[in-house]
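Structural description and commentary
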Amino acid sequence: MSARPSVVIVGGGIAGLAAAWELTGAGEGPSDSTPRVEILEAAAQLGGALAGADFAGRFVDLGPDGFLARRPEAVTLARELGLDDRLEGIAAAGASIWLRGALEPLPEGLVLGVPTDAAALKRMRGLSWSSRWAAWRDQHAPRRLAVTDDVSIGAILRTKLGSELTYQLIEPMVGGIQAGRVDQLSAAAVFPALYEAAQRGGSIMKALRGAAGPATGAAAAAAGPLFMSLTSGVGSLTGELERQLRARGVVIRTATPATALRSAPSSPYPWEVDTAATTTGATAVIVAAPAPTAGQLTAHLDPHLAALSSVDSAGAVIVTLLFDTADTQLPPTGTGVLIPLGSEWGDDVMMTTALTFLDRKWPHLRRDGQILLRAHVGRIDDRRSEALGDEALSERVIGEVTTVLGRVGRPLATRVQRWPHGLPQYYVGHLDLIERARQALAPTAIRLAGSAYDGVGIPASIGSGRRAAREVRDLLNVDAGGTRRA
Ligand SMILES: Cc1cc2nc3c(=O)[nH]c(=O)nc-3n(C[C@H](O)[C@H](O)[C@H](O)COP(=O)(O)OP(=O)(O)OC[C@H]3O[C@@H](n4cnc5c(N)ncnc54)[C@H](O)[C@@H]3O)c2cc1C
């Protein structure tokens, strides 16, 4: 009798956990053909960027606080885990932007920050006449730009809409998602709708209109909430997955980084994965660790895999703050504030790139008389926060928050969470780099998963993990029985 297939998953972030969930039968549960699954996680706990903590008497997320709900992956996983009754729709809409020293509501109809109607910018006092003219021009007499190969988001936007709209209005949103710069981020990988619009030619504002989706009214209500969270915190997905995966017999080893991966032609299993103390035989391996780790583990197999080590990542810091409503004032509506890079602060520029009003977005976090907000700090080219200790960074952030909101008391509680390499950067050419790496692995039973490959964000990471697991399941079915069972 041949040995039971064994799958090793390197990395216990949400992508690796979703892969294990899929391999062990997802919502259906394990069957006779379920392989042995072992997760190796370098950190002391699972979850990667999904983490939370007790803060001021409630569980508060310190990484992602919600996920896109109009993509199915995260909502589906939560439902499969039996968490339907904890799903919570976002309870606020809109946001403000800090422009020329004042807060302005963002207009409706933006697609990742790109306006879709020049008229919507008319009321924005913080924008110059020339930037409103640039929007009008794109709508009525668009500039020509030949786009054939991948190009940066910034290269398209600067030509079509000019520098001011690019850096003051659009970069804070599209760059903010992965703490990157529009002049480095790949249009094809990060903003395919913009890339396709630029390739077609004509007005990008008009071309993106269809992508805006309903923001308000009956159509928006019918589409359901744009974002969702869990009343137990997004981070609770990790604990629930861990509990249910252990019950399915998945072996979970935390504080145990994978140190090497190699083919093992003379052993019962074709692959072996080393940790500092052990070697595990594997029929297949899913590498769901960050791309540079995947590059280190697989570089010896093909030079295109070594190139994964070049995928850069941005650090981010989340500073969570609790204020008394009596001495702190928020804009009347909206989920938060975007702060363009280079916004002046005294004789320096701000480190804070965005504020999120957590208890406006998520009803379960609300408490009478309190305001719970978080500040996002850092970009790929702004590492100033690393030079400051937690206390000094909090004081700096409180100073910047005071400038932006106007009236802010002393915080009742503060928590600093650093994510040194939290957000992979999809630079120009990223899709080719990933495609070449995946092609190099295609003849093997090694698959890649995670936020470096198929999109940044929880739904994309879950989808990436589950896709890798389905591919592995198909390989196992062929290898184990000689014929495909599924
Ligand atoms: C501050 C912040 C805010 C965010 N906000 C949102 C949001 O609001 N909504 C949203 O959808 N997304 C958000 N994201 C993105 C989202 O968190 C990620 O897309 C997702 O969590 C990535 O999951 P992953 O499993 O691909 O990677 P990770 O979470 O990075 O997991 C990879 C795991 O691999 C482990 N590892 C590394 N090396 C090894 C090794 N040698 N052996 C074994 N294990 C190893 C790591 O310790 C880690 O646990 C945010 C991210 C950050 C950092």
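Further remarks concern the overall build of the chain. Within the chain, the regular secondary structure consists of 15 helices and 22 strands. Principal-axis analysis of the C-alpha atoms gives the chain an extent of 75 × 55 × 50 Å. Classification of the 486 residues of the chain by burial places 48% in the buried group. Restricting the contact set of the chain to residue pairs at least 6 apart, pairs at least 24 apart contribute 71%.

Bringing unusual backbone geometry into the picture now. Phi is positive for Ala 56, which is not a glycine, with a value near 50°. Tracing the backbone shows Ala 56 in the loop between strand E3 (52-55) and strand E4 (58-61). Positive phi is not limited to glycine here, since Ala 255 has a value of about 50°. Mapped onto the secondary structure, Ala 255 falls in the loop between strand E10 (251-253) and strand E11 (260-263). Ala 255 gets classed as exposed once you count the C-beta atoms within 10 Å, which come to 11.

Surrounding the ligand, one finds 36 residues, the nearest of these being Gly 11, Gly 13, Gly 48, Pro 64 and Gly 422. If you list the elements that add at least two residues to the shell around the ligand, you get helix H1 (14-23), strand E15 (313-324), strand E21 (413-424) and helix H15 (458-481). Inspection of the shell around the ligand shows a minimum of three residues originating in each of domain 1 (6-49 + 235-311 + 426-481) and domain 2 (52-93 + 313-424).

Quick look at the nonpolar core now. Val 10, Ala 19, Leu 194, Val 285 and Ile 286 are the most contacted members of the largest nonpolar core, which totals 144 residues. When residues of this core are assigned to their parent elements, the largest contribution, 9 residues, is made by helix H4 (residues 153-174). Not counting residues up to four positions away in its chain, the partners in contact with Ala 19 are Ile 9, Ile 286, Ala 288, Ala 449, Gly 465, Arg 466, Ala 468 and Ala 469.

Okay, the sheet that holds E10 next. Consider a sheet: its strands pair through backbone hydrogen bonds, and that pairing is either parallel or antiparallel. One open sheet holds the 5 strands; their spatial order is E10-E2-E1-E14-E22, and the pairing between them is parallel. Of all the strands in the sheet, the pair left with one neighbour each is E10 and strand E22 (446-448). Looking at each pair of strands side by side, their axes are set apart by 15° on average, direction ignored. Strands strand E1 (6-10), strand E14 (284-287) and E22 of the sheet are contacted by helix H10 (residues 291-298), whose axis makes an angle of about 145° with E14.

To continue, consider the domain arrangement of the chain. Each assigned domain of the chain is listed here: domain 1 (6-49 + 235-311 + 426-481), domain 2 (52-93 + 313-424) and domain 3 (110-214). Measuring from the centre of the C-alpha atoms in domain 1 to the corresponding centre in domain 2 gives 30 Å. Listed by partner, the interface residues are 21 residues for domain 1 and 20 residues for domain 2. Mapped onto the side of domain 1 that touches domain 2, the elements with two or more residues apiece are helix H9 (236-247) and H15. A per-class count over the side of domain 1 that touches domain 2 returns 14 nonpolar, 6 polar and 1 charged.

Looking now at H1. The element H1 is extensively covered by neighbouring structure, given that 10 of its 10 residues are classed as buried. Taken together, the buried positions of H1 are occupied by Ile 14, Ala 15, Gly 16, Leu 17, Ala 18, Ala 19, Ala 20, Trp 21, Glu 22 and Leu 23. Positioned one or two residues after H1, Gly 25 has a phi angle of 95°, which is positive.

Here the focus is the environment of Leu 83. Mapping Leu 83 onto the fold places it in the loop between helix H2 (73-80) and strand E6 (87-89). Taking the C-alpha atoms as reference, Leu 83 lies 8.8 Å from Leu 237; in sequence the two are 154 residues apart. Residues in contact with Leu 83, not counting those within four places in the same chain, are Ala 78, Leu 230 and Glu 240.

A word on the environment of Arg 123. Within the element layout of this structure, Arg 123 appears in the loop between strand E8 (102-105) and helix H3 (129-140). Taking the C-alpha atoms as reference points, Arg 123 and Pro 107, 16 residues apart in sequence, are found 8.6 Å from one another.

The pairing of E3 with E4 spans 4 bridges and is antiparallel. Within E4, the residue paired with Asp 54 across the bridge is Phe 59. As consecutive antiparallel partners, E3 and E4 are separated by 2 residues, and within that stretch Ala 56 has a phi angle of approximately 50°, a positive value.

Let us now look at the confidence of the model for the chain. Scored by pLDDT, the chain comes out at a mean of 94, with 96% of its residues at no less than 70. Confidence over residues 479-486 falls short of pLDDT 50; this stretch has 10 contacts with residues more than four positions distant or in other chains.

Moving on, we get to the packing of H1 against H9. Running from amino to carboxyl end, H1 crosses H9 at an angle of 35°, the nearest separation of the two axes being 10 Å. For the pair H1 and H9, the crossing hand works out as left-handed. Counting all contacts with H1, which are made through Ile 14, Leu 17, Ala 20 and Trp 21, the residues of H9 involved are Leu 237, Thr 238, Leu 241 and Leu 245.

Moving on to the packing of H3 against H4. Across the interface, H3 lies against H4 with an axial gap of 8 Å and an inter-helix angle of 155°. Considering their axes alone, H3 and H4 lie roughly antiparallel with respect to each other. Read as a crossing pair, H3 and H4 show a hand that is left-handed. Contacts between H3 and H4 involve Ser 130, Ser 131, Ala 134, Ala 135 and Asp 138 from the first element and Lys 160, Leu 161, Gly 162, Glu 164 and Leu 165 from the second. Its residues placed into classes, the contact of H3 with H4 shows 4 nonpolar, 3 polar and 3 charged.

Pairing within the open sheet is antiparallel, and its 3 strands lie in the order E11-E12-E13. With one partner strand each, in any of the chains shown, E11 and strand E13 (279-282) form the two edges of the open sheet. Pairwise comparison of adjacent strand axes, ignoring direction, gives a mean angle of 20° for this sheet. Strand direction decides the pairing type here: strand E12 (residues 271-274) and E13, joined by 4 bridges, are antiparallel. Bridge pairing in E13 links Glu 272 to Gly 281.

Conventions used here
Residues numbered from 1 in each chain as written. Predicted model: local features only at pLDDT ≥ 70, side-chain atom pairs only at ≥ 80, totals over all residues. Helix = DSSP H or I, 4+ residues; strand = E, 2+ residues; numbered from the N terminus. Buried ≥ 20, exposed ≤ 12 C-beta atoms within 10 Å, placed from the backbone. Contact = placed C-beta atoms within 7 Å. Near = placed C-beta within 6 Å. Domains from an automatic or database assignment. Core = buried A, V, L, I, M, F, W, Y, C linked by C-beta atoms within 7 Å. Pairing = 2+ DSSP bridges. Axes fitted to C-alpha atoms, helices over the stretch in contact; angles between N-to-C directions. Nonpolar A, V, L, I, M, F, W, Y, C, P; charged D, E, K, R; others polar. pLDDT = per-residue confidence, 0-100. Left-handed = near helix turned anticlockwise from the far one by under 90°. Parallel < 35°, antiparallel > 145°, perpendicular 65-115°, else oblique.

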